[in-house]
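# Analysis of the macromolecular model
This is what each chain is made of:
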Amino acid sequence: REGLFTPEGSMPSAGPMPTSLSIESDQVRETLDLGEFVVHENDDGARHAADAVASDPPAGSVPFLLEQQWKLKLMLAEAQPRALTRRLVVPASVRTPEGAEAVITPPLAGRLLPPDEGKLVTTGERIESGRVLGFIEPPLGASDLAQLRALELELDVRSLDVTRTLSEALARLEFGEREHARLSRLHEHQLSTQQELDEAERNLRVARGDIESANAMKAALDRLLSERSARTGGSPGFAMRLPLLSPLAGTVVASTKLQGASVEPGEVIFRVLDTSHVWVEGRISEFDLHLLGESPTAFATFAALPERRVEIGASGGTGALSLLPVLDPESRTAVLRCEVANTDGSLKAGMLAELEIAVAKVDAAVSIPVEAILIDQGLPTAYVMLEGELFQKRELELGVKDGDQVEVLRGIAAGERVATRGAYLVKLAALSPQSFGAGHQH
């Protein structure tokens, strides 16, 4: 049945016996080795042996009942050999890559107008490269309006001239083709001279050249008319509109002006940021540069995102770790940089980070999770389970730390089990053992 229960039974004889527990059900089949149990002749012998153990507990032992362990969901980890990597940790931060930020400013003073969609983009909006974010309508004085009016009239006159020239060129080409075809047929029957045929061919070539020239003039005129329509928004009059284009795809992080506001040249109207990738930049001392290999690997961690650990430079990792060939003369440090994918946008420019750079491999005889380490009076300690309800405090000498594992040089042997989750509560039990070790409650 669920919960605590007491097995009942008898042993054939007294003495030490190897013991195992077999569990069989529809969900699981498991055999657990419980080690060696000691069977006593009678109750008095068992009590005497228990009193002898209780009267001389191991130094630093802490009683901690199973009922308390279950309530707190205490977790254990086995100390075992493991290959660890010695890492050099350098401070870093998240930066916006070069070319990933665009500042849109007006080329002329004027009035800010919305794009054809009818409204200005707002902060946080995603945009594509080349999108029109708005228009600038520069102010025009009387002389400017007069000049523009004259240019408009001249453009209209030129438009009529080009149309007339193109019509005449088309007519000459049509006549030349018919004349050339007629003289060719007559020449076949020797009813026209070669000189007449050559003259017809020359006229045809001239007509074709005229039509090409007229078409080129019309194309140039069409471009001018299209630009005029873009500046005026397709409306009549002499207003000029200069588009503000985004040179990259990204997120609008600043939109500083309202529709219709007056703006000056060089004034920031929009800022666009491409956050799909970021740089993580750290600074390494010049005295540690010799520790870097030809292709160093590292992990990037972030203070604001403790669960995120980005592998850099390894197979399947992100980017490569590059060392800039410039040393800061004041701090005596060089910049280490790597590019990290940021598709979810969780990495923000300015975030604090660390680069854990691999510099050497270590075959640790004993390693345990970092979670098991507690600092007691300035010393690293851990709590080792001696038996089901008894722990022992151990002072440790630590070595290499690699991610969530740390090397133990002294204090714990391979195969021993240490408290990880809930270890601090075992420490509290050591400070007040009577509240945790008063006995079972059934």
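Scope of this entry: the structure provided in the associated data block. Values in this document were obtained by computation on a predicted structure and should not be read as measured data.

## Considering the sheet that holds strand β9 (residues 132-137)
Spatial strand order, β10-β9-β7-β12: four strands in an open sheet with antiparallel pairing. On the outer flanks of this sheet lie β10 (242-245) and β12 (262-263), each paired with one strand and no other. Direction of pairing for strand β7 (residues 110-113) relative to β12: antiparallel, over a ladder of two bridges. By the bridge assignment for β12, Gly110 is matched with Val263.

## A look at the pairing of strand β15 (residues 298-302)
Of all five residues making up β15, five are buried, and the element is well covered by its neighbours. Alternating positions in β15 separate into two faces, Ala298, Ala300 and Phe302 on one and Phe299 and Thr301 on the other, with burial throughout. Taken together, the five bridges between β15 and strand β16 (residues 305-312) define a ladder with antiparallel strand orientation. Bridging from a neighbouring strand, Thr301 pairs with Arg309 of β16. Linkage of β15 to β16, two consecutive antiparallel strands, is achieved through a turn of two residues.

## Topic: the environment of Asp156
Mapped onto the fold, Asp156 is located in helix α3 (residues 142-188). Considering only alpha carbons, one finds Asp156 and Leu221, 65 residues apart in sequence, at a separation of 9.7 Å.

## A word on the environment of Ser262
On the secondary structure map, Ser262 appears in strand β12. Separated by 123 residues in sequence, Ser262 and Pro139 place their C-alpha atoms 9.9 Å apart. If near-sequence neighbours (up to four positions away) are discounted, Ser262 is found in contact with Gly110, Lys257 and Glu267.

## Structural notes on the pattern of salt bridges
For the structure on display, the rule yields 21 salt bridges. With a shortest N-O distance of 3.3 Å, Arg29 and Glu24 are connected by a salt bridge. Note on Arg29: relative accessible area 63%, which makes it exposed. The exposed category is assigned to Glu24, whose relative accessible area is 61%. A salt bridge links Arg337 to Glu281, with the shortest nitrogen-to-oxygen separation between them at 2.7 Å.

## Examining a nonpolar patch on the surface
A cluster of nonpolar side chains, namely Leu21, Ile23, Val28, Leu32, Leu34 and Phe37, defines an oily patch on the protein surface of about 470 Å² accessible area. Mapped by element, the contributors of at least two residues to the nonpolar patch are β1 (15-24) and β2 (29-39). With respect to the helices and strands, the residue Leu34 is situated in strand β2.

## Some words on the sheet that holds strand β13 (residues 270-273)
An order of β6-β13-β11-β8 is seen for the four strands of this open sheet, with the pairing classed as antiparallel. Both outer strands of the open sheet, β6 (101-104) and β8 (126-127), are each paired with one neighbouring strand and no more. As paired elements, β6 and β13 share four bridges and run antiparallel to each other. Residue pairing across strands places Val103 opposite Arg271, the latter belonging to β13.

## Some remarks on the side chain of Thr420
Relative to the elements of secondary structure, Thr420 occurs in the loop between β25 (417-419) and α5 (423-431). Assessed through its relative accessible area of 9%, Thr420 is described here as buried. Those residues in contact with Thr420 that sit more than four places away from it in its chain are Met75, Leu76, Ala77, Pro369, Glu371 and Ala372.

## Structural notes on the nonpolar core
Among the nonpolar cores identified, the biggest contains 23 residues, and Val280, Phe302, Leu321, Leu355 and Ile357 are the most heavily contacted of them. Mapped onto this core, the elements with two or more residues apiece are β5 (80-95), β14 (277-285), β15, β16, β18 (333-341) and β19 (352-369). Once residues within four sequence positions are removed from consideration, Leu355 is found in contact with Leu88, Val89, Val90, Ala92, Val280, Gly282, Phe299, Ala300, Ile312, Leu321, Leu336 and Cys338. Counting 16 residues, the second-largest nonpolar core is a separate cluster that includes Leu120, Leu242, Phe270 and Val272.

## Regarding the pairing of β5
Residues in a regular strand project their side chains so that they alternate between the two faces of the sheet. Note: β5 against β19, 13 bridges, orientation antiparallel. Residue pairing in the sheet places Arg82 in a bridge with Ala364 of β19. As judged from the four bridges shared by β5 and β14, these two strands associate in the antiparallel manner. Directly across from Val94, in β14, lies its bridge partner Val280.

## What about the packing of aromatic side chains?
Counting across every chain of the model gives one aromatic pair. Summarising the aromatic geometry, the rings of Phe64 and Phe391 are spaced 6.2 Å apart at their centres and angled 85 degrees between planes, so their arrangement reads as edge-to-face. Of this pair, Phe64 sits in the loop between β3 (61-63) and α2 (66-72) while Phe391 sits in strand β22 (residues 390-395); the two residues are 327 residues apart in sequence, bridging distant segments of the chain. In this structure Phe391 comes out as buried when scored by relative accessible area, which is 0%. Sitting over the ring of Phe299, Arg309 keeps its end group 4.0 Å from the ring centre. Looking at Arg337, its charged tip hangs above the ring of Trp279, at a distance of 3.8 Å from the centre.

## A word on the environment of Glu264
Relative to the assigned elements, Glu264 resides in the loop between β12 and β13. Under the relative-accessibility criterion, Glu264 is labelled partly exposed at 46%. Sequence separation of Glu264 and Pro106 is 158 residues, and the distance between their C-alpha atoms is 6.9 Å. The residues contacting Glu264, other than those within four sequence positions of it, are Pro106 and Ala109.

Calculation rules
- Residues numbered from 1 in each chain as written.
- Predicted model: local features only at pLDDT ≥ 70, side-chain atom pairs only at ≥ 80, totals over all residues.
- Heavy atoms only, no water.
- Pairing = 2+ DSSP bridges.
- Helix = DSSP H or I, 4+ residues; strand = E, 2+ residues; numbered from the N terminus.
- Buried < 20%, exposed > 50% of the residue type's maximum accessible area, 1.4 Å probe, protein only.
- Contact = heavy atoms within 4.5 Å.
- Salt bridge = Lys/Arg side-chain N within 4 Å of Asp/Glu carboxyl O.
- Patch = residues over 30% accessible without salt bridge, like charges linked within 9 Å, V, L, I, M, F, W, Y side chains within 5 Å.
- Areas by Shrake-Rupley, 256 points an atom, 1.4 Å probe, with all protein chains shown as cover.
- Core = buried A, V, L, I, M, F, W, Y, C linked by side-chain atoms within 4.5 Å.
- Phe/Tyr/Trp six-rings, centres within 6.5 Å; stacked < 30°, edge-to-face > 60°.
- Lys NZ or Arg CZ within 6 Å of the ring centre and 35° of its normal.

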